[in-house]
Amino acid sequence: MSNRHPDSPIFLFGGTFNPVHYGHLRLVENLHNLMPEARVRMMPSATPPHRDEPDVSAEHRLNMVRLATESLNHVVVDDRELKRQGPSFTSISVEELAKEFPSASLILVMGDDAMAGFQSWHQWQDIIERVNILVIARPGATQQWLAPEVEQSIIRCDHVESLLHNKAFDAKVETLSKPMETFKSTGRLYRYQCPLLDISATQIRQLITRQQSCRFLLPDSVIKYIEQHRLYH
Ligand code: ATP
């Protein structure tokens, strides 16, 4: 990981990861296939601002992400939100990362369910000043729409491949309806269609609570950790 170039693009993939599962990990592999030179930073949130606080501690959730990704050298587990006090605002993490990696392009990855509520995120305008966003369609989820204020502040780009060729893409952006923003290299929203697995952490927690098997939905090492610590029982 550390020998990657400091300019390599960074996919920022946050979540509660309660627990991390193969749906998350398959997405990470798709991102790696899409852009092998990029790093994927998985960033568990300590106190998610947009949902109820998970009953499993942030430390356990972080440990599970570490176990699940220990053999993946294109993944960095980023624990900054656990080290900070207060809600895990993405705007703060993005600001910090932009300072740490001033010449790297930051690409925030999220499901369309999360993107549909983006206008309620703390300082969302600051976030899109600093990143591009890659939205993925969650399997089984219905199509979600952007809030009008977000729609007006973002440049929609359909071709994810253009992320790979930013320069060639600049010419294309001029044909979009927002010529004023042509020279901005952030604030773009890409939709990414890739085969995903219809797995959710909710489904896994329910199986465990009902004492049913959750094998093949998440790595065995994580299942073992859950059993050892009697999580979700
Ligand atoms: P829960 O069921 O508790 O809501 P979850 O499985 O949705 O959890 P999160 O930790 O909330 O997992 O998700 C983190 C990020 O991963 C979000 O952007 C979410 O859209 C995405 N994600 C979750 N499950 C999948 C999946 N099966 N495939 C692709 N992306 C996923």
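Model, not experiment: these values are computed from the prediction. Per chain, residues are indexed from 1 in the order of the written sequence. Reporting of local features is limited, given that this is a predicted model, to residues whose pLDDT is at least 70; pairs of side-chain atoms are given and counted only at 80 or more, and all residues count toward the totals for whole chains, interfaces and linings. Excluding hydrogens and water, the side-chain figures rest on all heavy atoms present in the structure.

(A) Local environment of the pattern of salt bridges. Definition used for salt bridges: Asp or Glu carboxyl oxygen within 4 Å of a side-chain nitrogen of Lys or Arg. One pass over the full model with this rule turns up 10 salt bridges. For Arg156, the salt bridge goes to Glu151, with nearest N and O atoms at 2.7 Å. Residue exposure (1.4 Å probe, protein chains only): buried if accessible area is under 20% of the type maximum, exposed if over 50%, otherwise partly exposed. A relative accessible area of 32% means that Arg156 is categorised as partly exposed. On the accessibility criterion, Glu151 (29% relative accessible area) is partly exposed. Each of Arg41, Asp78, Arg80, Glu81, Arg84, Glu96 and Glu100 takes part in salt bridges that share partners, so that together they form one network.

(B) Focus on the site of the ligand. A molecule or strand has a residue near it when one of that residue's heavy atoms lies within 4 Å. Near the ligand, the surroundings consist of 22 residues, among which Phe17, His21, Leu197, Ala201 and Thr202 are the closest. Polar contacts, as used here, are pairs of N or O atoms within 3.5 Å; protein pairs need one atom able to donate a hydrogen and one able to accept it. Residues neighboring in sequence count only if both atoms are side-chain atoms. Within the backbone of Leu197, an N or O atom sits 2.7 Å from a nitrogen atom of the ligand. Helix and strand definitions here come from DSSP, where helices need a minimum of 4 consecutive H or I residues and strands a minimum of 2 consecutive E residues; each element is numbered from the N-terminal end. Elements supplying a minimum of two residues to the shell around the ligand: strand 1 (10-15), helix 1 (22-34), strand 4 (106-111) and helix 9 (201-209). In the shell around the ligand, the residues fall into 9 nonpolar, 9 polar and 4 charged. For this classification, Asp, Glu, Lys and Arg are treated as charged, while Ala, Val, Leu, Ile, Met, Phe, Trp, Tyr, Cys and Pro are nonpolar and the rest, including Gly, are polar.

(C) Region of interest: unusual backbone geometry. Across the junction of Asn18 and Pro19, the peptide omega takes the value 0 degrees, indicating a cis bond. Position of Pro19 among the secondary structure elements: in the loop between strand 1 and helix 1.

(D) Quick look at the packing of aromatic side chains. Pairing of aromatic rings covers Phe, Tyr and Trp, the last through its six-membered ring, and needs centres within 6.5 Å; plane angles under 30 degrees mean stacked, over 60 mean edge-to-face, and all others mean tilted. For the coordinates displayed, the defined rule picks out 3 aromatic pairs. Relative to Phe17, the ring of Phe13 has its centre 5.4 Å away and its plane inclined at 80 degrees; by these criteria the two rings are edge-to-face. Here Phe13 matches Phe17 in class, with each residue buried. Through pairs of rings, three or more aromatic residues link up here, namely Phe118, Trp121 and Trp124.

(E) Broad picture of the nonpolar core. By size, the foremost hydrophobic cluster in this structure holds 43 residues, and its most contacted members are Phe11, Val20, Met42, Met64 and Leu134. Two residues qualify as a contact provided that any one of their heavy atoms is within 4.5 Å of a heavy atom in the partner residue. Those residues in contact with Val20 that lie beyond four places of it in its chain are Leu25, Met42, Met64, Val65, Ala68, Leu218 and Val222. If you look at the next biggest cluster of nonpolar residues, it comprises 24 residues, including Leu108, Phe118, Trp124 and Val150. Buried Ala, Val, Leu, Ile, Met, Phe, Trp, Tyr and Cys residues that are joined via side-chain atoms within 4.5 Å together make up what is termed a nonpolar core.

(F) Inspection of the side chain of Arg39 at higher detail. Its location among the elements puts Arg39 in strand 2 (residues 39-44). Here the side chain of Arg39 touches Ser8 through a polar contact of 2.8 Å, landing on its backbone oxygen.

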